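# Notes for the structure review
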Amino acid sequence: NFEFSERVGRVEPSATLAISNLASELEAQGEDVVDLSVGAPDFPTPENIVQAAKDAMDAGHTGYTSSNGIPELKEAIAEKLRGNGVSAEADEVIVTPGGKQALYETFQTLIDDGDEVVLLDPAWVSYEAMVKLAGGSLKRVDLAQHDFRLEPALDELADTVSDETKLLVVNSPSNPTGGVFSDEALEGVRDLAVEHDIAVISDEIYERITYDGFEHTSLGSLDGMEDRTITINGFSKAFSMTGWRLGYLHAPSDLIAQAGKLHSHSVSCAVNFVQHAGVEALSERTDDTVEEMREAFEGRRDMLVDLLAEHDVDVAVPKGAFYMMLPVDDDDQAWCEGAIQDAKVATVPGSAFNAPGYARISYAASEERLREAVERLAEHDYI
Ligand code: PLP
């Protein structure tokens, strides 16, 4: 009979769990479920990265590293960020076990009880949980009514933020919408952040997955953002390395000094040989494989948009990441539960992202499985 902390009571388990539990139960009963709920690329990790990890293990890179990461990787990350126009030095980087940990450390470092954090909805599930765990209070701006675009919502954002706002979270390309914010929108964010002296988290974990020739812009590269941006990134999505747990944060050195305390007292460091593999991942040798995966996602997106159009379903066409929001009934939870029970297609209810009335589809699945999913949803009258 434990007495649990008030803190842990503030959050619920990830809402996606209900669906994936149901999917596993059905599969255990021998059902064939098309699982479009997971946010993980379905490709193997590129071979050169796997080899680099093996070589690092063989070379004995199996002990603790310095807490913020091995110098080669921090330097490779800083160089990569400089390529994005962000002025970055190796000692302004903390290498973390996944982008999630980088975000967690950032919220814990910046947010006290009652501090105001602004999210752009639909927003990835864990931002809200992390803000609540840090004691922050949330304000939200809804992009769903604007086809998930930010420019048309800039006035609402301007009405929402104030000098009381401590932190704003921007995620482009976005999970769950696949939206990519235009430079104009990012400049609008910059103007408000400067005006009200707001720190901004820019979660750029899907930056390598953009379509239609769209180029990703790092928010931290904009004039006025250098001293107020925390750039989050990771290796899970671009390099299909979800299970390796490798990510990072970049921020001005005063923030790094504070977050580094949390880092050293919690995880100590990211896994040693995984960090060595990270150096290889960031090298040019991986570029072709990353491009092949990006092209595959773009082809799947096109196919899915066309298939849905054949059933008169219009979606906001994603410009990046590998998610799309499917408009469904108001009760999206019931729709998703029904779709998995009847059609054996697993998706995530939009409410999990504060976007009721939608289901999130991850198209990190083969074209064959995506076609199967659409057929089944149509057959059972879900679309
Ligand atoms: N940020 C966003 C928007 C994500 O979708 C995810 C993973 O789903 C993460 C961060 C964290 O990824 P990881 O911890 O695997 O690097």
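Remember, predicted model here, so these are calculated numbers, not experimental data. (Residues numbered from 1 in each chain as written. Predicted model: local features only at pLDDT ≥ 70, side-chain atom pairs only at ≥ 80, totals over all residues.)

This part covers the sheet that holds strand β6 (residues 199-203). If you trace the 7 strands from one edge of the open sheet to the other, you get β2-β8-β7-β6-β5-β3-β4, paired in mixed fashion. Pairing within the sheet leaves two strands with one partner each, and these edge strands are β2 (93-96) and β4 (137-142). Between one strand axis and the next, the sheet turns through 20 degrees on average, direction left out of account. Looking at chain direction, strand β3 (residues 116-121) and β4 are connected through 6 bridges and run parallel. Bridging from a neighbouring strand, E116 pairs with S137 of β4. (Pairing = 2+ DSSP bridges. Helix = DSSP H or I, 4+ residues; strand = E, 2+ residues; numbered from the N terminus. Axes fitted to C-alpha atoms, helices over the stretch in contact; angles between N-to-C directions.)

Looking now at the packing of helix α4 (residues 99-110) against helix α5 (residues 125-134). The interhelical angle for the contact between α4 and α5, taken along N-to-C directions, is 35 degrees, at an axis separation of 9 Å. The chirality of how α4 crosses α5 is right-handed. Between α4 and α5, the residues in contact are K100, L103, Y104, F107 and Q108 and S126, M130, V131 and A134, respectively. Looking at the contact of α4 with α5 residue by residue, the class counts come to 6 nonpolar, 2 polar and 1 charged. (Left-handed = near helix turned anticlockwise from the far one by under 90°. Contact = placed C-beta atoms within 7 Å. Nonpolar A, V, L, I, M, F, W, Y, C, P; charged D, E, K, R; others polar.)

Bringing the domain arrangement of the protein into the picture now. The figure often quoted for interface size is the accessible area lost as the parts come together. Here the protein is described as being made up of domain 1 (8-44 + 287-379) and domain 2 (63-284). Averaged C-alpha coordinates put domain 1 and domain 2 at centres separated by 25 Å. In this complex, domain 1 contributes 32 residues to the contact, which on the side of domain 2 involves 33 residues. Mapped onto the side of domain 1 that touches domain 2, the elements with two or more residues apiece are α10 (287-310) and β9 (323-327). When residues of the side of domain 1 that touches domain 2 are assigned to their parent elements, the largest contribution, 7 residues, is made by α10. Partitioned by chemical class, the residues of the side of domain 1 that touches domain 2 number 19 nonpolar, 6 polar and 7 charged. (Domains from an automatic or database assignment.)

For the ligand, the set of nearby residues contains 13 residues, the closest of which are G98, G99, K100, G234 and S236. Considering only residue class, the shell around the ligand consists of 2 nonpolar, 9 polar and 2 charged. (Near = placed C-beta within 6 Å.)

Of the two faces of β2, both are covered, the one formed by V93 and V95 as well as the one formed by I94 and T96. Two strands pair when backbone bridges link them, and β2 and strand β8 (residues 247-250) are joined in this way by 4 bridges, in the antiparallel orientation. Within β8, the residue paired with T96 across the bridge is G247. (Buried ≥ 20, exposed ≤ 12 C-beta atoms within 10 Å, placed from the backbone.)

Our focus in this paragraph is unusual backbone geometry. Following D121, the chain continues to P122 via a peptide bond in cis, the omega torsion being -5 degrees. With respect to the element layout, P122 can be found in the loop between β3 and α5. For R245, which is not glycine, the phi torsion reads 60 degrees and is therefore positive. With 19 C-beta atoms packed within 10 Å, R245 lands in the partly exposed category. A positive phi angle, near 60 degrees, is found at D312, a position not held by glycine. Within the secondary structure layout, D312 lies in the loop between α10 and β9. For D312, a count of 7 C-beta atoms within 10 Å puts it in the exposed group.

Turning next to the packing of α4 against helix α8 (residues 253-266). Angle between the axes and distance between the axes: these two values describe a pair of packed helices. Across the interface, α4 lies against α8 with an axial gap of 9 Å and an inter-helix angle of 115 degrees. Taken as axis vectors, α4 and α8 run roughly perpendicular relative to one another. At the point where α4 passes α8, the crossing takes the right-handed sense. For the pair α4 and α8, the contacting residues are E105, T106, Q108 and T109 in the first and L255, Q258, A259, L262 and H263 in the second. For the contact of α4 with α8, the per-class residue count stands at 3 nonpolar, 5 polar and 1 charged. (Parallel < 35°, antiparallel > 145°, perpendicular 65-115°, else oblique.)

Ranked by size, the top nonpolar core spans 120 residues in total, and within it L168 and V200 carry the most contacts. Each of domain 1 (8-44 + 287-379) and domain 2 (63-284) accounts for three or more of the residues forming this core. With sequence-adjacent residues up to four places away left out, V200 is seen in contact with L168, V170, V189, A193, L219, M225, R228 and T229. (Core = buried A, V, L, I, M, F, W, Y, C linked by C-beta atoms within 7 Å.)

What follows is about the sheet that holds strand β12 (residues 358-362). With respect to topology, 3 strands assemble into an open sheet ordered β9-β12-β11, the strand pairing being antiparallel. The open sheet has two edge strands with one neighbour each: β9 and β11 (348-349). Where β11 and β12 come together, 2 bridges link them in antiparallel fashion. In the sheet register, P349 faces β12, and the bridge partner there is A359.

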